[in-house]
Amino acid sequence: MIKSKKEYLKEYELSISNPEKFWSNYAKNFQWISPFNKVLNWNFDEPKVEWFINGKLNITENIFERNLSKIRDKTAILWEPNDSDAEAKKITYNQLFSQVCQFSNALKKKNIRKGDRVIIYMPMVPEAVVAMLSCARIGAIHSVVFAGFSANSLSDRINDSRAKVIITSDGNFRGNKIIPVKKIVDEAIKKTNSIETVIVLNRTNMDVSMKKDRDYWYHDTVENESTESKAEIMDSEDSLFILYTSGSTGSPKGVVHTCGGYMIYSQYTFENIFQNKNDEIYWCTADIGWITGHSYIVYGPLLSGATTLMFEGVPTYPDPSRFWKIVDKHKVNQFYTAPTAIRALQSFGDNYFKNSSLDTLKVIGSVGEPINLEAWNWYNSNIGKDKCPLVDTWWQTETGGIMISPIPGVIEPKPTYATLPLPGIQPILLDNNGNEIKENEVEGNLCIKYPWPSILRTTYGDHERCKKTYFSTFKGYYFTGDGAKRDKEGNYRILGRVDDVINVSGHRIGTAEVENAINENPSVIESAVVGYPHKIKGQGIFAFIIIDKNQYNQNYKDEIRNTVSDYIGPIAKPDEILIVPGLPKTRSGKIMRRILRKIASNDFENFGDTSTLLNPDIVKEIIESKK
Ligand code: WT7
């Protein structure tokens, strides 16, 4: 653990001057079945990145066997159910290990082998973690899909990954709703042909249909299974998981992370940023369906032997004091959430946190989107009581772990800044022509110039897409898609996406995806989607649509929202829908989104160069429709 600025500077220096030495030193903390014989091979042109070459390991041996003698009876997962009156559950490391072994054996009986893809579409319950770790134990590649995604999104992911198995539940408790998850899975499977087995956790006792010889109850599969299971021998560069994420074009892509590098980087970052010690309780409020859940609910904390709190419900149920009550109830020491949750809870007023002492908190964190000054200050003073370092952590699904962040007691937070890169991370700002901007007090495209252990290796089944998306815009660099500013001291402030990706409540949504969904609606002829500032969500979704007058009906807004919800999921529903007579297009037919972004945020001036527009007059007409 880094303890001082001096130590940080020393580590950073070594990590840059001799990255291989730096990371191989840290890798000594892990249990290798056989050691790696070279630390790194890389080029950002193909791209090809390999870490800890020829090392053999199993990440679950590093969670369990490596540490068990010290933490056998320590709580691994502290589970808080949706219902605030229901009892919380504590699962020790030893119990979790037994459950993982049992379920690993169950998966093997269902013919799942190393390299097979397994979809996990589950609520926030410990069995979801068991499912992830069991896949890792036997070398199957898990792909967790956020259970808020629609059947259609789920079938896309099944098809892209050619998954053999889905692990799911009958239903999900979410606030005062029960979501019929198994029904969504049944619907999704209809449009796929690779699924052989569905394993269903009974969470809500709701009625579900179970297809013979395909669907099995989770509890039946583990009954009578041994609590021992030999870990599969994995190469450092074998895939650990696929996680789908949206980009500026096409359908979501499967970001691939591998066993060795991901393991090392998730533990390294968890330890240093959250500084969790002894019996302290750590809580990250993300869903396991996102990378934050993977790295900082499951792998980082469990590799570090921490107690990770897992919450099934939502921040506003039974009322908006729920987070703060959980912090007091379980004496949470490190708390990690998203700006959108902070802004939402702030909007309910002071009464909801006033009765919670929050005095166990030592570190508070933020992730997923830029945090505005007002939310930063509210969080810092009302939740952190001006005494907890607020770590604004910048990273991405593709980076696997936190890249730029304050470190408690080491790197001072600065409001709205993610501050400094962690050891091993070499950020760089490039101008639009790809030239490095070396000075400070500048803005540019945020790129990374050297690999770190948990950089994505490929996009599943389509390496060319990986190359095109991340390694082609600026040759020789990993391009993050974000713009950033660097201040006098070298601190980074993330300004947001510079591509056609909208960050809604910390969730990445591609404009093209939403447009495709909207265009499924029969009354829509064409659409263009942009992000605009939204008080709670950070960015909202604004859809400009051209409508077929013959199909027009008054409920078009609801209908379009429903179409998007069916097609992608409720998180992608447009907040604003505006009928327009046309869209601003260049001669090559490309929509000039920059103009639409301005109009959507009520900024009707200085559109810049519009001379390449095929139909410059349309801008005025759209503004008229907006006013
Ligand atoms: C995008 C990645 C990383 C886990 C959650 C989101 C934005 C993320 C911050 C931050 C400003 C941030 C970026 C990034 N982002 N963290 N601290 N400050 N922006 O993962 O879905 O892969 O999205 O989220 O725009 O590119 P993701």
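Look above for the structure.
We now turn to the structure provided with this report. All values reported here derive from a predicted model rather than from experimental measurement.

Let us now look at the nonpolar core. The biggest cluster of nonpolar side chains holds 115 residues, and the ones touching the most others in it are Leu96, Phe103, Leu133, Ile167 and Tyr299. When residues no more than four places from it in sequence are discounted, the contact partners of Leu96 are Phe64, Ala76, Ile77, Ile91, Val130, Leu133 and Leu302. Formed by 38 residues, the second largest nonpolar core is a distinct cluster that contains Ala163, Ile509, Ile541 and Ile577.

Another aspect to go through is helix 2 (residues 19-27). Looking at helix 2, one finds that the buried residues are Pro19, Phe22, Trp23, Ser24, Tyr26 and Ala27. Contacts made by the buried residues of helix 2 are with helix 1 (5-17), strand 1 (38-43), strand 2 (48-53) and helix 10 (259-274).

The four strands are arranged 21-22-24-25 in an open sheet whose pairing can be described as antiparallel. With one partner strand each, in any of the chains shown, strand 21 (427-430) and strand 25 (492-497) form the two edges of the open sheet. In this sheet, neighbouring strand axes are inclined to one another by 45° on average, regardless of whether the strands run parallel or antiparallel. Of the strand pairs in this sheet, strand 24 (residues 478-486) and strand 25 are connected by five bridges, and their pairing is antiparallel. Bridge pairing links Arg486 to Tyr492 in strand 25.

Reading across the sheet, the seven strands line up as 5-4-17-16-18-19-20 and stay open at both edges, with mixed pairing between neighbours. The open sheet terminates on both sides in strands that have one partner only, identified here as strand 5 (89-92) and strand 20 (390-393). Taking the axes of each pair of neighbouring strands and ignoring which way they run, one obtains an average angle of 20° across the sheet. Bridging between strand 4 (residues 75-80) and strand 17 (residues 307-311) involves four bridges; their strand directions are parallel. What sits directly across from Glu80, in strand 17, is Phe311. Those strands touched by helix 6 (residues 126-138) are strand 4, strand 5 and strand 17, and its axis lies near 140° from that of strand 4. Sitting on the sheet, helix 10 touches strand 16 (281-284), strand 18 (332-337), strand 19 (363-367) and strand 20, and the angle it makes with strand 20 is about 150°.

Conventions and cut-offs
Residues numbered from 1 in each chain as written. Predicted model: local features only at pLDDT ≥ 70, side-chain atom pairs only at ≥ 80, totals over all residues. Heavy atoms only, no water. Core = buried A, V, L, I, M, F, W, Y, C linked by side-chain atoms within 4.5 Å. Buried < 20%, exposed > 50% of the residue type's maximum accessible area, 1.4 Å probe, protein only. Contact = heavy atoms within 4.5 Å. Helix = DSSP H or I, 4+ residues; strand = E, 2+ residues; numbered from the N terminus. Pairing = 2+ DSSP bridges. Axes fitted to C-alpha atoms, helices over the stretch in contact; angles between N-to-C directions.

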